[in-house]
Amino acid sequence: MQVYKAPLNDMRFVLLDLLDAGQLAQLPGFEEATPDTITSILEEGAKLCENVLLPLNRSGDEHGCTYENGVVRTPPGFKDAYKAFVEAGWLAMSANPEHGGQGLPELVNFVFEEMVCSSNLAFGNYPLLSKGATALIEVHATPELKSRYVPRLIEGRWSGTMCLTEPQCGTDLGLIRTRAVPTDGGSYRITGTKIFITAGEHDLSENIIHLVLAKLPDAPSGTRGISLFLVPKFMPRADGSLGPRNGVTCAGIEKKMGIHASATCVLNFDEAEGWLIGEPHQGLKCMFTMMNAARLGVGLQGLGIGEAAYQSAVAYAKDRRQGRSLKGAAEPSASADPIIVHPDVRRMLLTQRALNEGARALGYFVALNLDIARKHPDAARREEADDFVQLMTPVVKAFFTDCGSLAANLAVQIHGGHGYIREHGIEQFVRDSRIPQLYEGTNGIQALDLVGRKLGQHNGRLLRRFFHPVTAFVEEHKGDERMAEFIEPLAKGLDRLRNASLTIAGRGLADPEEAGAAATEYLKLFALVAVGYMWARMAKLALAKNGGDNGFHATKLKTARFYMARLMPETSSLFAQLMAGKRTLMEMGADEF
Ligand SMILES: Cc1cc2nc3c(=O)[nH]c(=O)nc-3n(C[C@H](O)[C@H](O)[C@H](O)COP(=O)(O)OP(=O)(O)OC[C@H]3O[C@@H](n4cnc5c(N)ncnc54)[C@H](O)[C@@H]3O)c2cc1C
């Protein structure tokens, strides 16, 4: 059975104790984000997720979206849930107050989004896309487009999409064929077919605002020739009411492995009227505003589903009785012991837990930096925070989603054969957790982004934003005996990461295939060290709070110990793998496969 209660204690620990999120209230515009306000918002959010979204997760998967004559219907219950969601202002939480948003920190929204992803990942895609579209329009569109579209997107009356993918063009956006032809009135006529468009058509909102990549007639070839257009489903009138239908239609929805309640649409644009956003041929740059936000959001999908998988597995492991404890019967009066007595079941549960809690700490730390990057009065502090967010975005997207998928698979394993049976709902986690590894740029592409772009950016400045504080932390606690079991593995991992970074930077300059051959292992090594850093900081805090008691902090220390002893050592094999270089991947000819 799918089980989920928002882990509010852990969320509070990370937010308020570890990251001191109360500091945000000192930034201009965030005055209301006091610890008390943050806590009560999250308690309300938890109620919505547990009571409204979670009960629709299984039924939404079974029923899925339906398509008939261009119309897409979401599963029963989704319309009411969406209404409750937007009426309670959840879409407006971190949106700009100038356009009707509440202007709260992104960090608070981040925590809420984790809960949404845990309770109903498919539902979460609709607000995720709208939020991304809103951010993009706010940053890059003209004041007129902003005032016409942003307030309604924030209200949730209208929703958003991002339209990049075409049949012949996925990762390589230079292959886009959709065309945009200027009209005399200053708008453009967009023609082409987009596929796999999440929330491209549905019945949750009155209007759908598509952000479409297309090429102008004089476009240079490749990714330099891509422009970005805003194309509404219904043409809005000046007073905000809906005018006639635009030339965009849904030709069908995909039947797919998971997230059945998230509509994945084929969209035909037939001379649809659209408006340019940003400069001609600069569309990809603008789209990255949306994609970077969406990449962090997709990372949260991995964490969210990982948490739900863990909680469901714990409930089962305490209930299911098979065999006896290796030390002798734990519950002699019962026919067998619960499977949670078995070391191998604990290995799986603790792997899920240590990855979830570590990822939560790292993810929230990144979100805190996102807020600092936007609001801090000191430009140097803003730049530092922004560097860190940029560096960590591919790490969060790829590692968190890989962990989510691992956690989902472990949940099935813990359920044994029952995990494979549909009615228990556990196999849904495996299917749903698979897509975040693919969309918003596959995880392989995230690794290339880290190695190819982020590693050398500003002469390694981004990298130093990570290495300096972690090195300082290791140095500071080197002599502390109580911290040794956390600091020593972290220091070893950090050394490997430093050596790997230097090697890849050197080899990659001479031969880009060398960097490509090391990228995936490098990203995972990076992530294990980054999460290890967060675990060491959490261990320090737990020790300071009360390391000895059998309460929350003692449990935290046990999980930290598991992470350092059982998961950090993988940095050693990853280092060996990536140091092996490209030869073992590239020496075989394509015809030998
Ligand atoms: C359910 C779902 C929802 C989606 N939602 C949206 C959406 O809302 N909007 C949208 O525009 N798109 C959407 N997509 C599309 C998604 O973003 C793409 O599927 C994804 O980016 C990968 O593109 P592709 O499928 O064409 O794979 P390809 O690009 O063909 O890649 C195939 C494989 O080759 C690898 N590869 C490709 N190029 C390279 C390279 N240069 N170096 C190394 N490896 C490489 C990839 O990592 C992958 O493993 C969605 C897809 C799905 C399935």
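Residues numbered from 1 in each chain as written. Predicted model: local features only at pLDDT ≥ 70, side-chain atom pairs only at ≥ 80, totals over all residues.

Hey, could you go over the overall build of the chain for me, with residue numbers and the actual values?
Counting secondary structure elements, the chain contains 18 helices and eleven strands. For 593 residues, the compact-globule formula gives about 25 Å, and the C-alpha radius of gyration of the chain, at 24 Å, lands near that figure. Among the 593 residues that make up the chain, the fraction classed as buried is 53%. (Helix = DSSP H or I, 4+ residues; strand = E, 2+ residues; numbered from the N terminus. Rg over C-alpha atoms; globule rule 2.2 N^0.38 Å. Buried ≥ 20, exposed ≤ 12 C-beta atoms within 10 Å, placed from the backbone.)

So what's going on with the packing of helix 9 (residues 343–375) against helix 16 (residues 552–567)? Residues and values would help.
Running from amino to carboxyl end, helix 9 crosses helix 16 at an angle of 105°, the nearest separation of the two axes being 9 Å. When the axes of helix 9 and helix 16 are compared, the pair comes out roughly perpendicular. Taking contact as the criterion, the partners of Leu-350, Arg-353, Ala-354, Glu-357 and Gly-358 in helix 9 are, on helix 16, Thr-559, Phe-562, Tyr-563 and Leu-567. Of the residues in the contact of helix 9 with helix 16, the class split is five nonpolar, two polar and two charged. (Axes fitted to C-alpha atoms, helices over the stretch in contact; angles between N-to-C directions. Parallel < 35°, antiparallel > 145°, perpendicular 65-115°, else oblique. Contact = placed C-beta atoms within 7 Å. Nonpolar A, V, L, I, M, F, W, Y, C, P; charged D, E, K, R; others polar.)

Explain helix 5 (residues 106–119) to me, using residue names and the numbers behind them.
A rise of 1.5 Å per residue sets the reference length of helix 5, with its 14 residues, at 20 Å; its end C-alpha atoms lie 20 Å apart and thus fit the reference within 8%. When you tally the buried positions in helix 5, you get 14 out of 14 residues, the bulk of the element. (Expected span 1.5 Å × (residues − 1).)

Can you lay out the environment of Asn-499 for me, pointing to particular residues and giving the numbers?
Note that Asn-499 resides in helix 14 (residues 484–510). Here Asn-499 falls in the exposed class, since 12 other C-beta atoms lie within 10 Å of it. A sequence separation of 18 residues divides Asn-499 from Glu-481, and the C-alpha atoms of the two residues are 27 Å apart.

Quick rundown of the nonpolar core? Include the residues and the values.
If you look at the biggest cluster of nonpolar residues, it comprises 195 residues, and the most contacted ones within it are Phe-229, Tyr-364 and Tyr-522. Counting residues per element, this core draws most heavily on helix 15 (residues 512–546), at 20 residues. Leaving out residues up to four positions away in the same chain, Phe-229 has contacts with Ala-180, Tyr-188, Ile-190, Val-212, Ala-214, Gly-274, Trp-275, Leu-276 and Ile-277. (Core = buried A, V, L, I, M, F, W, Y, C linked by C-beta atoms within 7 Å.)

I'd like a rundown of the environment of Arg-464, residues and numbers included.
For Arg-464, the position within the fold is in helix 13 (residues 461–477). The exposure class assigned to Arg-464 is partly exposed, which follows from the 15 C-beta atoms found within 10 Å. Counting along the chain gives 77 residues from Arg-464 to Asp-387, while the straight-line C-alpha distance between them is 9.4 Å.

Give a description of the site of the ligand that names residues and reports values.
Surrounding the ligand, one finds 19 residues, the nearest of these being Leu-164, Gly-170, Thr-171, Thr-198 and Thr-442. Mapped onto the shell around the ligand, the elements with two or more residues apiece are strand 3 (158–163), strand 5 (188–198) and helix 12 (443–454). Here the shell around the ligand is built from residues that sort into ten nonpolar, eight polar and one charged. (Near = placed C-beta within 6 Å.)

Kindly report on the pairing of strand 6 (residues 207–214), identifying the contributing residues and their values.
Taking burial as the measure, the eight residues of strand 6 include seven buried ones, the bulk of the element. Pairing of strand 3 with strand 6 involves six bridges; the strand directions are parallel. Its bridge partner lying in strand 6, Cys-163 is registered against Val-212. Direction of pairing for strand 6 relative to strand 7 (residues 227–232): antiparallel, over a ladder of six bridges. (Pairing = 2+ DSSP bridges.)

Tell me what's going on with unusual backbone geometry, and back it up with residues and numbers.
Positive phi values are uncommon outside glycine, yet Asn-69 reaches one of about 45°. Structurally, the position occupied by Asn-69 is in the loop between strand 1 (66–68) and strand 2 (71–73). One non-glycine residue, Ile-259, adopts positive backbone phi at about 30°. By the element assignment, Ile-259 lies in the loop between strand 10 (248–253) and strand 11 (264–277).

So what's going on with the packing of helix 12 against helix 15? Residues and values would help.
Axis separation between helix 12 and helix 15 bottoms out at 8 Å; the angle between their running directions is 95°. Here helix 12 lies roughly perpendicular to helix 15, going by the angle between them. Contacts from Gly-444, Gln-446, Ala-447, Leu-448, Leu-450, Val-451 and Gly-452 of helix 12 reach helix 15 at Ala-515, Gly-516, Ala-518, Ala-519, Thr-520, Tyr-522, Leu-523 and Phe-526. A class-by-class count of the residues in the contact of helix 12 with helix 15 yields ten nonpolar, five polar and no charged.

Describe in detail the environment of Val-531, supporting the description with residues and values.
In this fold, Val-531 is placed in helix 15. Between the C-alpha atoms of Val-531 and Asn-356, which are 175 residues apart in sequence, the distance is 10.0 Å. For Val-531, the contacting residues outside a window of four places in its chain are Gly-358, Ala-359 and Leu-362.

I'd like a rundown of helix 1 (residues 8–18), residues and numbers included.
For helix 1, the complete set of buried residues consists of Met-11, Phe-13, Val-14, Leu-15 and Leu-18. Those residues of helix 1 that are buried lie in contact with helix 2 (35–53), helix 5, helix 9 and helix 15. Of the residues one or two after helix 1, Asp-20 is the one with positive phi, at around 50°.

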